[in-house]
Each structure stands twice: as C-alpha cells, then as structure tokens.
Amino acid sequence: MCTMILSSCGTSKTIKESKKTLKGNWTLNDITYNRDGVFNVTIFGDTSAECLEGSTWQFIPNNNFGNYEITSSNCPAGKRYFIWALPGSDQTDPTYDIILKPTDEKKNSTMDEKGFRLSISYLSENQLQFEQKVQLEGKPFVIRMNFSKNLK
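Thresholds applied
Residues numbered from 1 in each chain as written. Predicted model: local features only at pLDDT ≥ 70, side-chain atom pairs only at ≥ 80, totals over all residues. Heavy atoms only, no water. Helix = DSSP H or I, 4+ residues; strand = E, 2+ residues; numbered from the N terminus. Polar contact = N/O pair within 3.5 Å; in protein donor to acceptor, adjacent residues only side chain to side chain. Disulfide = S-S within 2.5 Å. Buried < 20%, exposed > 50% of the residue type's maximum accessible area, 1.4 Å probe, protein only. Phe/Tyr/Trp six-rings, centres within 6.5 Å; stacked < 30°, edge-to-face > 60°. Arc of directions from axis to C-beta.

**Quick notes on the environment of Gln135**
- In this structure, Gln135 sits in strand S9 (residues 127–136).
- At 3.4 Å, the side chain of Gln135 and the backbone nitrogen of Lys139 are in polar contact.

**Considerations on the state of the cysteines**
- In total, this model carries one disulfide according to the counting rule given.
- Two residues, Cys51 and Cys75, share a disulfide whose sulfurs are 2.1 Å apart. Judged by the torsion about the S-S bond (-85 degrees), the Cys51/Cys75 disulfide is left-handed. Here Cys51, found in helix H3 (residues 49–52), pairs with Cys75, found in the loop between strand S5 (65–70) and strand S6 (78–85); they are 24 residues apart in sequence, far enough to count as distant.
- Given the relative accessible area of 7%, Cys51 is considered buried.

**A few points about the packing of aromatic side chains**
- For the coordinates displayed, the defined rule picks out 16 aromatic pairs.
- The interplanar angle of 20 degrees and the centroid separation of 5.3 Å between the aromatic rings of Tyr33 and Phe141 together place this pair among those described as stacked. Here the residue Tyr33 occupies a position in strand S1 (residues 24–33), and Phe141 occupies one in strand S10 (residues 139–149), the gap between them amounting to 108 residues. You'll find Tyr33 and Phe141 in the same group, each marked buried.

**Digging into helix H2 (residues 13–22)**
- Along H2, the residues that are buried comprise Ile15, Ser18, Thr21 and Leu22. Each buried residue of H2 lies within a common arc of 125 degrees when the element is viewed along its axis, so the set occupies one face. Residues of H2 that are exposed and angled more than 90 degrees away from the buried face: Lys13, Lys16 and Lys20.
- Looking one or two residues past H2, Gly24 carries a phi angle of roughly 125 degrees, positive in sign.

The following block contains the structure:
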C-alpha cells in the first residue's frame, strides 16, 4: 500500500520519458497557424515568428534549463535562456503542457517569474510540435512550432 501511494505522488512515466526525449538540440523548422492568411506574430514577447524559424534549441533535463539561439540575418540574433517544466498530465490525454520561463544566462527571471504555457502536441525521438493557443479577433488562434532533433 505504501509503495502504491508513493508511486502515485511521483512524476508520471509520460513526463519522465518526455524529459529524456526532449534532451538535446533541436531546430525550429517552421511556424504554422490554424488559419490561412498572413499574420504578424511575436513569439514569447521576444521576436517575430519569421526570426524564430531556423533557431536552434537546447533542452537540459537534469536542471530544466534551456536556450534558443537566433542566427537569421535582419533579426535580433543571440541566445535566449529559459527554465522549463513539464507539469503533471492526465495519463489519458495524448497532449500535455510545457512551461517556458524566460531567464538570463544565470537563470534569473526576466519576466517577474512569468512564463508561457504551450501544449506538446507531438513528441518523438526526432520530431516535436508545440502549440500555443491565443485569441485573435475573438476566436481561438493556434500557433504551431515544428521542430526536428539535431542528430549528433
């Protein structure tokens, strides 16, 4: 009985496996939307979707620290840092969330401890998709970020 209680309080198997799968370096290939049209979207209060495309991301699960680096010309280049977390999930739900909190290089919050909650709508050994749901003109608007894992 004690074992059952302790195991139910621990991190879910899905979360543990996801942290292991997220570990490493990824490239943000493209950003798409659930509507047709041209949109001026700023991601993470930082930069345009166009500037984020092609950025490289690193997730380090042992300390939940990460970064992404923008290298596109005509964009504000450089590394951005964040702390990430995978809050508990419903075992029956195939999607779950990731929280990204922007920080500086020393892990100090740059947004008064606020962050961004995104859904992990797909995760495999070499593909990842985040979705962020916002409102546009009073209707749901979904931003999809599609990544591929950088192989060593």
